[in-house]
Amino acid sequence: HVVAFAALEKLRSERLWQEDKHKLYYSTLTDIVRSYIAGRYGVGAMEMTSDEIIEAMRSVELPQKSSMDLTQILREADLVKFAKALPEAEENEAAYRAVWDFVEQTKPVEVTEGDEEDIESKEEQRK
């Protein structure tokens, strides 16, 4: 997730869609989310179509909003990349925010030592 956030920050600074480079913007945006999915879930997302990614991610336990966001991101990006759709500024920002939120909502939860003890204690209490 750290790499994905850094890549998103770099993408924002490049201002691609503001320079009418919509296809490059969405290609980069989806490459970021594909790389994240590959690293986080072990899904070969870089070599898959959008539909294949959506299907593969159905077997992953995701928050419903994250699953819906991912589907929307990939479908909108396909329209821009292949059907030459030209999204409005708000749509470009929303796509960026959706990828950021997807990564934020699905990043691994970092467990500290205190948390581990709490988890072990709760497991012992259940027994």
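Not measured: the values here are computed from a predicted model. (Residues numbered from 1 in each chain as written. Predicted model: local features only at pLDDT ≥ 70, side-chain atom pairs only at ≥ 80, totals over all residues. Heavy atoms only, no water.)

### Considering the overall build of the protein
Rules: Numbering of helices and strands runs from the N terminus, with a helix taken as a DSSP run of H or I at least four residues long and a strand as a DSSP run of E at least two residues long. Whether a residue is buried, partly exposed or exposed follows from its accessible area with a 1.4 Å probe, protein chains only, as a fraction of its type maximum: under 20%, in between, or over 50%, in that order. Any two residues whose heavy atoms approach within 4.5 Å are treated as being in contact. All accessible areas in this document rest on Shrake-Rupley with a 1.4 Å probe, and a residue is counted as covered only by the protein chains that are shown.
Of the regular secondary structure elements, the protein holds six helices and zero strands. Listed N to C, the secondary structure of the protein is α-α-α-α-α-α in terms of helices and strands. Per-residue burial over the protein gives 34% buried out of 127 residues. Considering only contacts in the protein between residues 6 or more positions apart, those separated by 24 or more positions represent 66%. Carbon together with sulfur atoms contributes 51% to the accessible area of the protein, which is approximately 8200 Å² in total.

### Things to note about the side chain of Thr30
Position of Thr30 relative to the elements: it lies in helix H2 (residues 22-41). With relative accessibility at 2%, the residue Thr30 sits in the buried group. Once residues lying within four places of it in the same chain are set aside, the contact partners of Thr30 are Leu74, Ala77 and Lys81.

### Re the nonpolar core
Spelled out, the test is: Buried Ala, Val, Leu, Ile, Met, Phe, Trp, Tyr and Cys residues form a nonpolar core when they are joined through side-chain atoms within 4.5 Å.
One finds Leu8, Tyr25, Leu29, Ile37, Met57, Leu70 and Phe102 to be the most contacted residues of the largest nonpolar core, which totals 33 residues. Counting only elements with at least two residues in this core, the list comes to helix H1 (2-14), H2, helix H3 (50-57), helix H4 (64-82) and helix H5 (89-106). Leave out the neighbours within four places in its chain, and Met57 touches Ile37, Tyr41, Val43, Leu62, Leu70 and Phe102.

### Topic: the packing of aromatic side chains
Quick reminder of the rule: Centre distance within 6.5 Å is the pairing criterion for rings of Phe, Tyr and Trp, where only the six-membered ring of Trp is used; planes under 30 degrees apart are then read as stacked, over 60 as edge-to-face, and the remainder as tilted. Charge over a ring is defined by NZ of Lys or CZ of Arg lying within 6 Å of the ring centre and within 35 degrees of the ring normal.
Scanning the entire structure with this criterion turns up four aromatic pairs. Seen in terms of ring centroids, Phe5 and Trp100 are 4.3 Å apart; in terms of plane orientation they differ by 40 degrees. Their pairing is tilted. Taken together, the residues span a long stretch of sequence, with Phe5 in helix H1 and Trp100 in helix H5 at a distance of 95 residues. In this structure, Phe5 and Trp100 share a single accessibility class: buried. Through successive ring pairs, a cluster of aromatic residues spans Phe5, Tyr96 and Trp100. Its guanidinium or amino end placed over the ring of Tyr96, Arg12 lies 4.0 Å from that ring's centre, counting from NZ or CZ.

### Let's talk about the environment of Glu76
You can see Glu76 is positioned in helix H4. Spatially, the C-alpha atom of Glu76 lies 8.6 Å from that of Tyr26, the residues being 50 residues apart in sequence.

### Some thoughts on the packing of H1 against H5
Under the convention used in this document: Fitting a line to C-alpha atoms yields each axis, with helices limited to the stretch in contact; the angle taken between N-to-C directions then spans 0 to 180 degrees. To sort the angles, those under 35 degrees are grouped as roughly parallel, those over 145 as roughly antiparallel, those from 65 to 115 as roughly perpendicular, and the leftovers as oblique. By convention, the crossing between two helices is left-handed when the near helix turns anticlockwise from the far helix through less than a right angle, and right-handed when the turn is clockwise.
Relative to each other, H1 and H5 sit at 165 degrees, their axes nearing to 10 Å. Put simply, H1 runs roughly antiparallel to H5. Like other packed secondary-structure pairs, H1 and H5 cross with a definite hand, here left-handed. Residues Ala4, Phe5, Leu8, Glu9 and Arg12 of H1 pack against Glu93, Tyr96, Val99, Trp100, Val103 and Glu104 of H5.

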